[in-house]
Structures are given as structure tokens and as C-alpha cells.
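Architecture at a glance
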Amino acid sequence: MDARALWERYKACQCHCPQLGLTLDYSRMHFADGFFDSMHAQAEKAFADMQALEGGAIANPDEKRMVGHYWLRAPELAPTPQIKTEIAGCLGLIKRFAKLVHTGKAKPQKGSRFTNLLVIGIGGSALGPQFVSRALSTPKDKMKAFFFDNTDPDGMDYMLSQIAASGKGLRETLTVVISKSGGTKETRNGMLEAKAAYKKAGLFFARHAVAVTGEGSELDKVAVGDGWIGRFPMWDWVGGRTSELAAVGLLPAALQGLDIDAMLRGARMMDEATRAKDAKHNPAMVLALMWHHAGRGRGAKDMVILPYRDRLELFSKYLQQLVMESLGKELDMQGHEVNQGIAVYGNKGSTDQHAYVQQLREGVNNFFATFIEVLRCRAGKSMQVEVGVTSGDFLDGFLQGTRKALFEKGRESLTLTVDALDAETVGKLIALYERAVGFYASLVGINAYHQPGVEAGKKAAGAVIALQHKLVAYLKANKGKRFTSEEAAEAIGTKDEVETAHWILRHLAANPDHGIKAKPGATQFETTYGV
Ligand code: PA5
């Protein structure tokens, strides 16, 4: 394609939304003429499905629940007065609580003011808060945020050491435990480890803890029973990965001192724009259609997210969950095996140009890129790093250079351009991708709002822990005797689980907690274990 034709294509393939300060360029996607027409009926169905969902339909039939994250920023659209009141009430509660904390009226047991925030959660109860915290943090933040997002003891120790190094440590740390179900083990473990750390520091955890969870959940019961200083609701009609604009995301953001009204306003504006039924003028539908085109509706190409802005580096991780947990499904709505999904990865440009972009340019062509450009480089003016050139000019140069190089090698890309990176833009980006995922799910006929694979992983871990209990009990009952993995598995009647037993014993012997010791044998399988 010559330069003139390419310019004409560029002009024709823009979803320009000046009211949002956002433009989506899809000129570097190689869809055929007539693609939009060929997808018309499917797009119409996706619009209808979304309208029904926003109207309160049971859009997640497997879990028999409504899907209401759009109401969080437009409570007047909620299907019942009760939901509307709950949303407004929760927002008021968050703002009042953040104010009490910031003014020192809600204060720690032994300090005058909370200055640190430890957020404990995982998946949808951590990725959004982490992304937003990183994207919008400034030196003026009212509290410094730390996260436990795993059950890794060493990871928690590291985070606690960071808290300790930050002035007053746990004495001035408010811990927010987030779990919609209230029963997630990683989060429960993080809470117990934090509680123990407070105790070691001579502090009562309850005087420093608040919960965000479903009413009556295990976590809720602990928070009530132990008299934590606050409880904030999670409702069954908000899914984990779409809960950033519920208390899950708004409470940590408000405590950090971020503008949550602007985030909600941005999301609301994006929702309004992406309700437009004209596919080419709806950036969420254009995204969904381009994903469909790139992967032929089968997820055949990976989505590489390349935001050219450090603050957006966790956006790729956030989107990885939003897209892959929503779209990665074995069955369609009719129960047919479809094994859908789109793989998502990425960090930030231009840093990634010194990592995997080499392969994107020259290696296997199994992806499409999404560049994210933020027009305003920084608050204020920049110095010149070369005569007449700033660091931001280089960032722009690298983005354009990579986009061009990919195109020259026949690799597809989308570019999302936003005017500036602020709380409103973050709200818009979240809402844009939430709706694009919903549209795509309709295009390929799957339920985006359940996560059977996650539940399966939780069950499998439970079975491993149950086997560990048996093995430890057996070795303790046979103190002084030694067993190979095979012998131990056979002895407790789980011969079929010998591999699991082997992993468990190897793990137990590497740690001092259970008193299990290993004696090396001629091969790792002849190693014997005992107490
Ligand atoms: O998006 C989801 O539904 C999941 O990733 C959950 O957020 C995650 O499993 C954590 O669940 P919970 O908030 O119940 O602790």
C-alpha cells in the first residue's frame, strides 16, 4: 500500500471520540472490505445482549446472577430501588470513612494517623486496586499503599519489611482485607499473617483492619466477631474482575487520596459513549470486532498490550485477568465445547522494545498489538535531552517506530490514544475494556461472567492440603521410621496419588514447620522421609 493510500486508510479507520479525549486507530488491522457488514448481525446481537444485561437480566446463568458493574457509575440504571440505594450508600460510606482516616478521627491504636495502607486480596480483589494505585499515585498521596496478593510467605515478609522501612510501620498501617466470597485461602492466609505481624508489634489487628466482602461471608463473620473498625459491602451482582469501581477498588483509592469521583465520572462517560449502536463509532465494539477479526473469533492471535507510559504498566496485567478469566472458557452458552479465549500479555513501551518486541517484529506472527499513547507527557515543561528534543519526544518516536516496523512486517496493531493520564481517563479505560470483553463474549457466544476454571484450581489445592494432613499424621504416628514417597503414599491408601505425595514430602522437608526430615537416597525417589 503506498503512502497516500495508507493515509486514506488511516483517516477512514478512526474511532474518534473527542468527548472522551480518546481515539482508537484500527487502520493497521488487515480486515477485509466488508468485514463490518459481515459482522453486523453478530454485533447487533451483542448490543441487544448488553442492553439486557444492563437492564438486570440474569446475564450469568451458571451462577444465576445479574451482572451489574455498569450500575456502579450510574445507579439510576439499577433495576431495583434497593440496589440503587445500596450503591449510593456504599459510596457515601467510603468517602466518610476516608475522611475520618485522613483527618485522624479514625486513628490507629498507638498512633495519631494512618499513613500506610496494606491491601490484602487476590485476582479481581487485587489487580484493579494495584493498577489504579500505580497509575495515579503522586507524592501528595494521603496514604502509601502496599499489597499482599498471594499466599507466598517470602512475598509477605518482603512487603512487611517495606512497611517497616516506611517510617512508623504497622503502627500507622490500616489493613484492608478484600474478598467478595470471603473464603479465598490466599486472602485468609494473608490476613492471618498480617494479624500475627501486628501482634508481634504489640498491636491489636482489629484496631487496624477493615473488610470489603459479601455480607455474612466467612471474612465478614471474622470482621464482626473481632470488632474490626469498618466493613464495606460486595454484592453478588458485581463480578470480581469487574469490581474496581465497587468498594473493592474505590475504598483503597479513596484512602490513598485519589479522585474516585473522577474515576466514576470517566467510566460513566465511557459507558454512555459505548452504548451507541453504530459499531464503527463505538470504541468498545470496534475493539471487540478487531479482536474477533485478528483471532478469527477463535483467539488464534495473542493480544499484546503496549502502553507507552510507566504508570500504565500494570494495565496489561489487569487486562490479562479481565480478558483471560472472562473469555477463556471451555463451553459456549449452549454447552458445546469451544475452548475460547484470547491470551494477553505486555508491560510497557519503550522498555519492551528491549525485551520481546524483537520477536514481535521478526519472529512468529501470532499476535496483534495494542499501543496505548498518552498525548500529555508530564505536568509542565520538559528539558531537552538533545537539541530541540525531549524524553517524551523520544517516547513518541519509539511508539511510532515500532508501530511502523510491525506494519512493514505484516503484523497487525491497534492504537488507543488518550489526551492525558488522570483519574477520569483511568475510569474510561476500565469501562472501555469491560464493555469490549462483554461484547466479544456475545460475538463468540460464551458466558464472560463466571470462572469455573478458577473454582477448579481452588478445589485441587484443597485436595493437596488434605493429602498433606494425612501424610504428616502418618509420619508423626510412626516417629523414628523412614519412608520413600511411594511407601508413604501406599501406607495411607493413596497409591494413585504418589506423585502428589512426592511433591508434598519434598516441600515439607525443605521447611522447618512440620518436623519432617529427608534423608537423601541414591535417587530422589529413594529419598526417605520421617519425623
Ligand atoms: O474475578 C474473579 O472472580 C476472581 O479472580 C476473584 O476475584 C478471585 O478469585 C478472588 O476472589 P474473592 O474476591 O472471592 O476472594
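Every value quoted in this text rests on a predicted model; they were computed, and no experiment measured them.

**Re the overall build of the protein**
Looking only at helices and strands, one finds 18 helices and 13 strands in the protein. In terms of overall dimensions, the protein is globule-like: its C-alpha atoms have a radius of gyration of 26 Å, near the 24 Å expected for 531 residues. Once the C-alpha set of the protein is aligned to its principal axes, its extents read approximately 85 × 60 × 60 Å. Of all 531 residues assigned to the protein, the portion counted as buried reaches 52%.

**Description of the sheet that holds strand β7 (residues 230–233)**
Reading across from one edge, β4-β3-β5-β6-β7 is the order of the five strands in this open sheet, with parallel pairing throughout. The strands lining the two open edges of the sheet, one partner per strand, are β4 (144–148) and β7. Shown here is a sheet whose adjacent strand axes are inclined to one another by a mean of 20°, direction ignored. For strand β6 (residues 209–213) and β7, the ladder comprises four bridges, and the chain directions are parallel. Across the sheet, Ala211 pairs through a bridge with Arg231, a residue of β7. Relative to the sheet, helix α6 (residues 153–165) contacts β3 (116–120), β4 and β5 (173–179), its axis offset from that of β4 by approximately 165°.

**Points about the nonpolar core**
Tyr26, Leu255, Trp291 and Tyr433 are the most contacted members of the largest nonpolar core, which totals 114 residues. In terms of residue count, the dominant contributor to this core is helix α15 (residues 423–444) (14 residues). With sequence-adjacent residues up to four places away left out, Trp291 is seen in contact with Met303, Val323, Leu327, Ile342, Phe368, Leu414, Tyr433, Ala436, Val437 and Tyr440. Residues Phe146, Phe148, Tyr198 and Ala211 belong to the second largest nonpolar core, which totals 22 residues.

**Details of empty space enclosed by the protein**
Applying the stated criterion across every chain, the model contains four cavities of 30 Å³ or more. Within this model, the largest cavity holds a volume of roughly 60 Å³. For the largest cavity, the full set of lining residues is Leu72, Ile87, Cys90, Leu91, Ile94, Trp235, Leu245, Ala246, Ala247, Leu250 and Leu264. Mapped onto the lining of the largest cavity, the elements with two or more residues apiece are α4 (81–102) and α9 (247–256). Partitioning the lining of the largest cavity into residue classes produces 11 nonpolar, no polar and no charged.

**A look at the sheet that holds strand β11 (residues 412–418)**
Strand order in the open sheet made by the six strands is β1-β2-β11-β10-β8-β9, with mixed pairing throughout. The sheet terminates laterally at β1 (14–17) and β9 (344–345), the two strands that pair on one side only. Here seven bridges tie strand β10 (residues 367–374) to β11, and the two strands are oriented parallel to one another. Looking at β11, one finds that Ile372 is bridged to Leu416. In this fold helix α1 (residues 3–12) packs onto β1 and β2 (22–28), with an angle of close to 140° to the strand it touches most, β2.

Rules and cut-offs
- Residues numbered from 1 in each chain as written.
- Predicted model: local features only at pLDDT ≥ 70, side-chain atom pairs only at ≥ 80, totals over all residues.
- Heavy atoms only, no water.
- Helix = DSSP H or I, 4+ residues; strand = E, 2+ residues; numbered from the N terminus.
- Rg over C-alpha atoms; globule rule 2.2 N^0.38 Å.
- Buried < 20%, exposed > 50% of the residue type's maximum accessible area, 1.4 Å probe, protein only.
- Pairing = 2+ DSSP bridges.
- Axes fitted to C-alpha atoms, helices over the stretch in contact; angles between N-to-C directions.
- Contact = heavy atoms within 4.5 Å.
- Core = buried A, V, L, I, M, F, W, Y, C linked by side-chain atoms within 4.5 Å.
- 1 Å grid on protein atoms, 1.4 Å probe; cavity = no way out; pocket = protein on both sides within 12 Å on 5 of 7 lines; lining within 4 Å.
- Points joined across faces, edges and corners; volume = space filled by probe spheres on them.
- Nonpolar A, V, L, I, M, F, W, Y, C, P; charged D, E, K, R; others polar.

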